[in-house]
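Listed here are the chains, written in short residue letters.
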Amino acid sequence: MFTRTIFKVLMVVLLLPVVSCKKWLDLQPQDGLTGAEYWKTKEQVQAAVTGIYASLLGSATGSRNAAETFFLWGELRADMLTSTLATTNEQIDVINVNILPTNSIANWKGIYETINYCNTVIAFAPGVLAKDATFTQTALDRAVAEAKAIRALMYFYLVRTFDQVPLKLTATSSDKDIISLAKSSQDTVLAQVLKDLNEAEVYAVTDYGDRASNKGRITKAAINAIQADVYLWQEKYTECVAACNKIINSNSFGLISGNDANLWYQTLYVNGNSNESIFELQFDNQALNTFYTLFNTNQKKFLANPIVMDEVYTVDFTDPLKYDIRADGAAVRATDQLIWKYMGLSNTTSRAQVESYAHWIMYRYADVLLMKAEAQNQLGNGQEALDIVSLIRTRARALIATQQNLAATDKVGIADYVLKERAREFAFEGKRWFDILRNARRNNYQRLDLLLDMIAGTVPPNRQQSAIAKFKDKNCHYLPIYTYELTTNKALVQNPFYK
Amino acid sequence: MKVLITKISFLLFVVLLAGMARAQVTTITLQGKILGPNKNPVEHVTIAEVDADGRTVHAVKTDVEGNFVIKISSTKNKLSISHISFRTQVLAINNRTTYNVTMESNSKDMGDVVVVSQRKSDNGNVSIPERELTTAQSHIAAKDLEEMQAASIDQALQGRLPGVDITANSGDPGAGMQIRIRGTSSINSSNDPLIVVDGMPYETAIPSDFNFGSADDQGYASLINIAPTDIKDITILKDAAATAVWGSRAANGVVVITTKRGAVGKPAFTYTNKTSITKQPEAIPMLTGDQYSTLIPEAYMNSTGTPLNTQNVKEFQYDPNDPYWYNNYSKNTNWIKAITQLGVTQDHNISMTGGGEKARYYASLGYLDQKGTTIGTYLKRISTRINLDYIVSERIRFKSDLSYSYTDNNRNFALNLRDLAYRKMPNMSIYEYDEYGNLSGNYFSPATNIQGQYLGVSTSGTVSGTSNPVALAKEAKYNIISQRVTPHFNLQYEILKKVLMATFDVQFDINNNKNNSFLPQTATGRPWTETSVNRAYDGDIDVFNVQSKTNLVYTPTFKSPNHSLISFISLSTYDNKYVSQEILTSNTASSVLQDPSSPSRTINSDARLVATTGQTRSVGLLFNAQYGYKDRYIFNAGVRGDGNSRFGPQNRYALFPSASVRWRLSDEKFMKRFQKNIDDLSLRASYGESGNAPRRDYSYINTYNTFTWTYLGQAGVYPASMQLSDLKWETIVGQNVGVNLSMFKRRFTADAEFYVNRTKNMFFPGLQIASINGFSNVDMNVGTMDNQGFELGLGVTPYKTKKWQVDFNFNIARNINIIREISDLYPLDKGDITANGQYKTFLQVNNPFGSFYGFKYKGVYKDLASTIATDASGKNIIGPTGQTIYMKFNYPSIGYTFQPGDAMYEDINHDGNINYQDIVYLGNSNPKFTGGFGTSVTYKGVWKFSTFFNYRYKVDLVNGTKIYTTNMYGFDNQSTATLRRWRQDGDVTDIPRALYRTGYNWLGSDRYVEDGSFLRFRTATVRYTMPKKMVQKLKVKNLSAYVTVENLFTWTNYTGQDPEASVRGSDPFRVAIDNSYTPPVKTYTIGVTASF
């Protein structure tokens, strides 16, 4: 009997853990938010939307941040930069039109991460409505509008850089969501971009109640600015003018006075969130931008091309008081060709590394005006275009040497003049390459010469011929699909020039 | 629960009643006298009343006269008379009351009795006689390895066992070993075998999400905590049927280690000492400062067409009028020599073992002090172990084992220190001269020079960019202090004598690691504003691990001796918890303040304050039975259920069956006529499944994280990982066929195994996925892989007389990896053939992997004429306008025209363009055969001479060292082979011209592919054991001394440093690249063992 009792106790001891092991094996991390606990309150929706913006300042996974990506994509292949000894081989390859699919500058990872954050908000925020009674339909619509607008902006950058890209509009939250996706044509992507923007425009906020949010987050005006840019790219000039007019007629924006060059620089670039600004990325002392290492350390990667001072702005050697306020002390520091726009605390004093948080301006009022000028010129309203350029030049105290007197009917001349003025106005703001490409490809590459002339000036003499030959192929104007993407996404095909 | 409490109370009640019942029995008094063999009375003899189970009821001791009186409770009990020096006697009581007993000496036991018992093999759960094993196992007694100077046992096992591949991650003290049993079963998941010490799993992995700051997990040697001298034997379970009993963590094989235990006898002390000297052999000859400073300007000139301006680049100016630059940059420094020292190792171990009838003990204390061959590396270890056995009765016994170890391991801050030293400019001075040309006594670490600057330290502990290697070795530190306490308790209870036994095991494992590193400013030379200056790091990991195991073993005895059955149920639980924290600060006030607790900068981009915590749990329930019929047919079958917390609820549990069989041919009737010669001939076959769990905790859960920065003052949240609803057990299905042959009274033994291990639902942590998904990697089950091969082990005693014995053993193995099925997301090729130094690899389903492709190297274009492109018939190719066409590289996307002095690659398709169409098969990096052999010669049992060799046959290695020491591509120092470089038109040589950062002179080609077959004279030992007669005179039990030499010589055609390059990781695209700069160290050891 004794033995039997012990045996019974033994069996119980043996079986007890088996019964309770279902619970025993269910371990949850103690230091993180799990998906099961998320998407329950309006605060969580808000935090996820903020996360989209935060992902533009830096990457949680170590990808290149959006601001630096836009700078590289927008300037590297254009004519305003020059390399230094510390410029990486990959950067030099892009400058020299020697781009291989292994070049990590063609890596779009960070952009698609942001797109996934947008997709996640668009997919899961509506579900919160049922769980949190204090979450209103209006608040939901605003959140989704912000996500859609950012997603549209990201795709707009992608198609301008790669021509055709996969269009991923669903959130990845589980391993069942992983897909291989083929490229969509530029038209399909842009149609989706406009669809998103038009939907977002309906619900977007006009005023968040504080200036920083009005400039740092998506507003109606920001959406209109992106629309104008997309229409201009698509050569839909009437729609472009209409979108620009929405911003102009809102009377909420204006040009910062250029009477005091230093004050103008500080208001627009150092302090940021000026009256001229429409949408800018809000770097701060917690999230420094990466420009300090690009432009200002011993290991700086880029300097301003000498032509920026010599040809773009020019210098009036007869009267030192006459100068373009956008030139020395704003875009560049003329003494050592330093790219100054993000490095200065004033016209003369430099930022320290810990102060390297100049905002990255995506759109500002001057941009809207010049986009309108470009569109009006194409619509045959050359005089209006010239008036706008004149307005911008007066504000900037542009030098006579860069002034052109053109007839209102000189469509080609005015287009070039606007392009040149954009170079002066938006130097190093990540717009130059897209501006040149947009003008070159207009009317079925009527102005390919713009690109060929540009490349002849930037590439070292021994590579000139091959670079020009390459640029004659319009497929070369887009970056290759990064090798990584080709190996991981079997549905992708390399872009034509790089096969 | 209520039922349980009731039952326990009831049980206690019964026990109490029984005790009371016993108390009522009337007592009887016995008395007597105990005499020794020489008829003298013996004092302190234990007289005990023992019951039927052998449990002591009451005991007394004899006095000075040898007399005793004992009151006993039952006449049915027995009287046990025991003394440590004499043989124990058990006498019946019945009606006898007087006992005058003469004791017999114990020493008879120790006479020359030939023991005919058979070896038993222990799989950690039950021990099964080796004759009856149905599974593939290898066994080695630690005695065979004792002469080697190895800090941990894995080091000594290298090459000893077929199919067990052990490679060192580095030669530095405390570096971990990589153990692979039958190849790698998983791509990129954990491939380490389970270590079982005395029946309980022993944790060797460290939390995978702990960032080591300057070490990787492979560099972590957990086995270092077990002193090799404490180990009695090691069994390696190889096939899946054998490992199945250990379940989910045993998918990569099991190493079962048994430690020494006490035995009945007088206390015996054993002292062992090993002293050795290790020497770094001469490595690759590198350029001197003078040769280097002619190479660099030439490379620069060749590449840019303009001379190097030494006005700006003063490193090559050599102007005595500028004393600062002249003195600091005109030396011929041998950086390697400057960081190398002679290694010395001292290993002392003292152990005591003994015990009586009831209690036995083994206690040991060891001290190891190892100084590495690189300055700044050492390992100090104190290890203790106490193994206690207490036998309560014949039915109940318990064991309590306690081990504690303390290791203090210093390694180089930069794991690539030697590499840095090889690359360092040789014309630089180690110590800095001031501007007057006087030696300042400081390390010469310029903030930047032409070689660049300090670029930081990677997560794997390698330093990139420049820094002063001598300062790094001497001033920077990386110290790991670990303390580990492992108490293990075991209780055995025989419920039914010899039929049903229950065992309970519980083991706690408290493992604390403290990592402390410091990078002084003097090593990097960076300005004080930067965070790389005086970086102090401190990281703690505390692991607490509780495991339990409850076994119920049923071994019925059958009436007919033809049947035998061993069966058991085992329930095991595992709970592992860890807490870690890390602090990294910078800019402490001085290089003396090396701890982050000293005032330092904490807010900067580098600083880190991280704490993590994690927990894993698993349970396993196993049924296993082995049935034998007539000792001829043996069947074993089992099934194991596993549950693991690392899976989501839908995939958490899995069942893994196993079955194996052995047929002893030699006992069959038709084999009778061979019986004289054949001791044993058996065939074995087995099938088994076992599962593998992912490496990381909670990885299946979809998590959200907060960005470390805010946007407009608000915290932003992002999805950090996706939910892994498809993640399931990786299952390894093993099939094994084996033959055991033993002949001529075991003078010839052979074991052969053939196996196929199929890994299904293979894990791939961090499988790269298209970043359009918003994530770039995911843990996934990606496909099916096979590991197949064979192993053969032979043991021969060709000559055996009373005086001489010659033994010879040999093992050989072959393993190939084949992918059978792979996820669509898995990439099928890797390597960019247009980039220097890369090879192309393809993954082809159903083909063994490890093959790599590249160009064929044909030497150097000697002049312009030789760069003219020719077609297949050797005629010059003419362009459309009649112009001469020169050889081009990868036209049109690169379109580089080859110049005289450039590397010449074979234009396979004769189109004048070297591109991907010109790549060919170059080799395969899986060895055809691996193994080892050894002999030992014993003379009169006094002298023993033994040797051991290991080898690898037919393996293609990429000589990575050759690539980087002859590419002349940057400012890194080069080997003296570059003195043969092409310098002017007409030079015919095999080394292309120097080209600074341009050109395609070191593309992946057969120039660097070599046959890595080798035969290595691993060890040679001469041992002298003092004969018994002499020993007795010295009043010691045993005395022996030996001399061992390791890594004496390597026969190979390989021109690199070490053909035994380990292929790190298990990526199917891996190419065996040997990046080692130094061959393995030579070790000379003198050892003494004495027992008292």
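Residues numbered from 1 in each chain as written. Chains lettered and ligands numbered in written order. Predicted model: local features only at pLDDT ≥ 70, side-chain atom pairs only at ≥ 80, totals over all residues. Heavy atoms only, no water.

K.L.:
How should I be thinking about the overall build of chain A in this particular structure?
P.N.:
Counting its regular elements, chain A contains 20 helices and 9 strands. Projected onto the principal axes, the alpha-carbon positions of chain A cover approximately 115 × 50 × 45 Å. Within chain A, contacts between residues separated by at least 24 positions form 71% of all contacts whose residues are at least 6 apart in sequence. Here chain A contributes 52 positively and 51 negatively charged side chains, and the mean placements of these two sets differ by 6 Å. (Helix = DSSP H or I, 4+ residues; strand = E, 2+ residues; numbered from the N terminus. Contact = heavy atoms within 4.5 Å. Lys, Arg positive; Asp, Glu negative; His and termini not counted. Charge placed at Lys NZ, Arg CZ, Asp CG, Glu CD.)

K.L.:
Would you mind going over the overall build of chain B with me for this structure?
P.N.:
Of regular secondary structure, chain B possesses 11 helices and 56 strands. Counting over 1092 residues, chain B shows a buried share of 55%. Long-range pairs, those at least 24 residues apart, make up 70% of the contacts in chain B with a sequence separation of at least 6. Only carbon and sulfur atoms are counted for the fraction: they give 56% of the accessible area of chain B, which is about 46,700 Å². (Buried < 20%, exposed > 50% of the residue type's maximum accessible area, 1.4 Å probe, protein only. Areas by Shrake-Rupley, 256 points an atom, 1.4 Å probe, with all protein chains shown as cover.)

K.L.:
Could you clarify how one ought to interpret the domain arrangement of chain A in this entry?
P.N.:
All names here are of chain A. Per the domain assignment, the segments of chain A are domain 1 (1–77 + 92–97 + 105–204 + 461–499) and domain 2 (208–447). The C-alpha-based centres of domain 1 and domain 2 are spaced at 30 Å. Counting from both sides, the interface comprises 38 residues of domain 1 and, opposite them, 41 residues of domain 2. Summed over both partners, the interface of domain 1 with domain 2 comes to about 3,700 Å²; 69% of that surface belongs to carbon and sulfur atoms. On the domain 1 side of the interface with domain 2, the three residues burying the most area are Leu 57, Phe 71 and Arg 160, jointly 18% of the side's total. Inspection of the region where domain 1 meets domain 2 yields 3 salt bridges. (Domains from an automatic or database assignment. Buried area = accessible area lost by both parts, 1.4 Å probe. Salt bridge = Lys/Arg side-chain N within 4 Å of Asp/Glu carboxyl O.)

K.L.:
Teacher, can you tell me more about the interface of chain A and chain B here?
P.N.:
Often the size quoted for an interface is simply the accessible area lost on bringing the parts together. Each side of the interface is counted separately: chain A has 80 residues, and chain B has 77 residues. Approximately 7,000 Å² of surface area, both sides summed, lies buried where chain A meets chain B, with 65% of it carried by carbon and sulfur atoms. Interface area lost by chain A to chain B is led by A:Trp24, A:Leu25 and A:Leu27, which between them contribute 11%. At the surface where chain A touches chain B, the tally comes to 2 salt bridges.

K.L.:
How should I be thinking about the sheet that holds strand S26 (residues 463–465) of chain B in this particular structure?
P.N.:
Within a sheet, each strand pairs with its neighbour through backbone hydrogen bonds, oriented either parallel or antiparallel. Residue and element names in this part refer to chain B. An order of S24-S25-S26 is seen for the 3 strands of this open sheet, with the pairing classed as antiparallel. Each edge of the open sheet carries a strand with a single partner, namely strand S24 (448–449) and S26. Relative to S26, strand S25 (residues 452–457) runs antiparallel, the two being bridged by 3 bridges. The residue bridging Gly 456 from the neighbouring strand is Ser 464, located in S26. (Pairing = 2+ DSSP bridges.)

K.L.:
Hey, could you run me through the nonpolar core in this one?
P.N.:
One recurring pattern in soluble globular proteins is that nonpolar side chains are buried together. Within the largest apolar cluster, 172 residues are counted, with the highest numbers of intra-cluster contacts made by A:Trp108, A:Leu158, A:Leu281, A:Trp360 and A:Phe428. The residue makeup of this core includes at least three contributed by each of domain 1 (1–77 + 92–97 + 105–204 + 461–499) and domain 2 (208–447) of chain A. The next biggest cluster of nonpolar side chains, apart from the first, holds 43 residues, and it includes B:Phe316, B:Val470, B:Phe971 and B:Ala977. (Core = buried A, V, L, I, M, F, W, Y, C linked by side-chain atoms within 4.5 Å.)

K.L.:
Can you walk me through the packing of aromatic side chains in this structure?
P.N.:
Any two aromatic rings considered together are summarised by their centre-to-centre distance and by the angle between their planes. Per the stated rule, a full pass over the model turns up 67 aromatic pairs over all chains. Consider the rings of B:Phe808 and B:Phe933, whose centres lie 6.4 Å apart with planes at 40°: the pair is tilted. Here B:Phe808 is found in strand S40 (residues 804–822), whereas its partner B:Phe933 is found in strand S50 (residues 929–939), with 125 residues between them in sequence. Ring pairing ties together the aromatic residues B:Phe808, B:Phe810, B:Phe933, B:Phe949, B:Tyr951, B:Phe1017, B:Phe1049 and B:Trp1051, which thus form one cluster. Here A:Lys431 stacks its cationic end above the ring of A:Tyr363, 4.3 Å away from the centre of that ring. Directly above the ring of A:Trp233 sits A:Arg441, whose terminal nitrogen or CZ lies 4.2 Å from the centroid. (Phe/Tyr/Trp six-rings, centres within 6.5 Å; stacked < 30°, edge-to-face > 60°. Lys NZ or Arg CZ within 6 Å of the ring centre and 35° of its normal.)

K.L.:
What am I meant to see in helix H10 (residues 237–249) of chain A here?
P.N.:
Side chains of residues three or four places apart in an α-helix project in the same direction, reflecting 3.6 residues per turn. Residue and element names in this part refer to chain A. For H10, which comprises 13 residues, the first-to-last C-alpha distance of 18 Å matches the rise-based estimate of 18 Å (1.5 Å per residue) to within 8%. Among all positions in H10, only Tyr 237, Cys 240, Val 241, Ala 243, Cys 244, Ile 247 and Ile 248 are buried. The arc that holds every buried residue of H10, seen down its axis, measures 165°, which confines them to one face. More than 90 degrees from the buried face of H10, the exposed residues found are Thr 238 and Asn 249. Taken together, the buried residues of H10 touch helix H9 (220–233), strand S5 (277–281), helix H14 (365–378) and helix H17 (432–445). Just past H10, the residue Asn 251 takes up positive phi, approximately 55°. (Expected span 1.5 Å × (residues − 1). Arc of directions from axis to C-beta.)

K.L.:
So what exactly am I meant to see when it comes to the pairing of strand S28 (residues 500–519) of chain B here?
P.N.:
Regular strands place their side chains on alternate faces of the sheet. All names here are of chain B. Note that strand S27 (residues 477–496) and S28 share 17 bridges and pair antiparallel. Note on S28: the bridge partner recorded for Asn 490 is Asp 505. Remark: 3 residues form the turn of the hairpin made by S27 and S28, two consecutive strands paired antiparallel; Lys 498 in that turn has positive phi of roughly 60°. In the sheet, S28 pairs with strand S29 (residues 535–554) via 20 bridges, with the strands oriented antiparallel. Counted as the bridge partner of Asp 509 is Asn 545 from S29.

K.L.:
What should I look at first to understand helix H19 (residues 461–471) of chain A in this one?
P.N.:
Residues and elements named next belong to chain A. Looking at H19, one finds that the buried residues are Ala 467, Ile 468, Lys 470 and Phe 471. An end-on view of H19 places all buried positions within 155° of arc, on one side of the element. Within H19, the exposed residues directed more than 90 degrees away from the buried face are Asn 462 and Gln 465. Considering only its buried residues, H19 is in contact with H17 and helix H18 (448–458).

K.L.:
Just checking my understanding: could you explain the side chain of B:Arg684 for this structure?
P.N.:
Its place among the elements puts B:Arg684 in strand S34 (residues 678–692). Here B:Asn740 takes part through its side chain, which lies 2.6 Å from a polar atom of the side chain of B:Arg684. (Polar contact = N/O pair within 3.5 Å; in protein donor to acceptor, adjacent residues only side chain to side chain.)

K.L.:
Can you walk me through the packing of helix H15 (residues 382–396) of chain A against helix H16 (residues 411–425) of chain A in this structure?
P.N.:
Axes are the key here: two packed helices are described by the angle between their axes and the distance separating the axes. Residues and elements named next belong to chain A. The geometry of H15 relative to H16 is characterised by a closest axis approach of 11 Å and an angle of 25° between their N-to-C directions. The angle between the axes of H15 and H16 places the two elements in the roughly parallel class. Where H15 crosses over H16, the handedness of that crossing is left-handed. Judged by residue contacts, Gly 382, Ala 385, Leu 386, Val 389, Ile 392, Arg 393 and Arg 395 of H15 engage Ile 414, Tyr 417, Val 418, Glu 421, Arg 424 and Glu 425 from H16. A breakdown of the residues in the contact of H15 with H16 according to their chemical character gives 7 nonpolar, 1 polar and 5 charged. (Axes fitted to C-alpha atoms, helices over the stretch in contact; angles between N-to-C directions. Parallel < 35°, antiparallel > 145°, perpendicular 65-115°, else oblique. Left-handed = near helix turned anticlockwise from the far one by under 90°. Nonpolar A, V, L, I, M, F, W, Y, C, P; charged D, E, K, R; others polar.)

K.L.:
Help me understand the environment of A:Ala287 in this model?
P.N.:
With respect to the secondary-structure elements, A:Ala287 resides in the loop between S5 and helix H12 (291–295). For A:Ala287, a relative accessible area of 5% gives the class buried. Sequence separation between A:Ala287 and A:Leu57 is 230 residues, and the spatial gap between their C-alpha atoms is 6.7 Å. Filtering out sequence-adjacent residues up to four positions away, A:Ala287 remains in contact with A:Leu57, A:Tyr357 and B:Trp709.

K.L.:
Would you mind showing me how to read the packing of helix H6 (residues 137–162) of chain A against H9(A) here?
P.N.:
Residue and element names in this part refer to chain A. Between H6 and H9, the shortest axis-to-axis distance is 11 Å and the interhelical angle comes to 25°. It follows from the interaxial angle that H6 and H9 lie roughly parallel. Regarding H6 and H9, the two cross each other, and that crossing is left-handed. On H9, the residues that touch Ala 149, Leu 153, Phe 156 and Arg 160 of H6 are Ile 223, Ile 226, Asp 229, Val 230 and Trp 233. In terms of residue class, the contact of H6 with H9 is made up of 7 nonpolar, no polar and 2 charged.

K.L.:
What should I look at first to understand a nonpolar patch on the surface in this one?
P.N.:
A cluster of nonpolar residues, B:Phe269, B:Ile350, B:Leu365, B:Tyr367, B:Ile382 and B:Phe1092, forms a patch on the protein surface that exposes about 520 Å² of accessible area. Note that B:Phe269 resides in strand S17 (residues 265–279). (Patch = residues over 30% accessible without salt bridge, like charges linked within 9 Å, V, L, I, M, F, W, Y side chains within 5 Å.)

K.L.:
Sorry, what's going on with the side chain of B:Ser771 here?
P.N.:
With respect to the helices, strands and loops of the structure, B:Ser771 is situated in the loop between strand S38 (748–768) and strand S39 (777–800). Among the polar contacts listed, one links the side chain of B:Ser771 to the side chain of A:Trp108, at a separation of 3.5 Å. In this view, B:Ser771 contacts A:Trp108, A:Lys109, A:Tyr112, A:Tyr484 and A:Glu485; residues no more than four positions away in its chain are not counted.

K.L.:
For this particular structure, what's the right way to read the sheet that holds strand S15 (residues 231–237) of chain B?
P.N.:
Residue and element names in this part refer to chain B. Strand order in the open sheet made by the 5 strands is S10-S15-S16-S13-S14, with mixed pairing throughout. The open sheet is flanked by strand S10 (137–141) and strand S14 (200–202), the only strands paired with a single partner. Strand after strand, the sheet turns through a mean of 25° between neighbouring axes, direction not considered. Both S15 and strand S16 (residues 254–259) contribute to a ladder of 6 bridges, which runs antiparallel. The residue bridging Leu 237 from the neighbouring strand is Val 254, located in S16.

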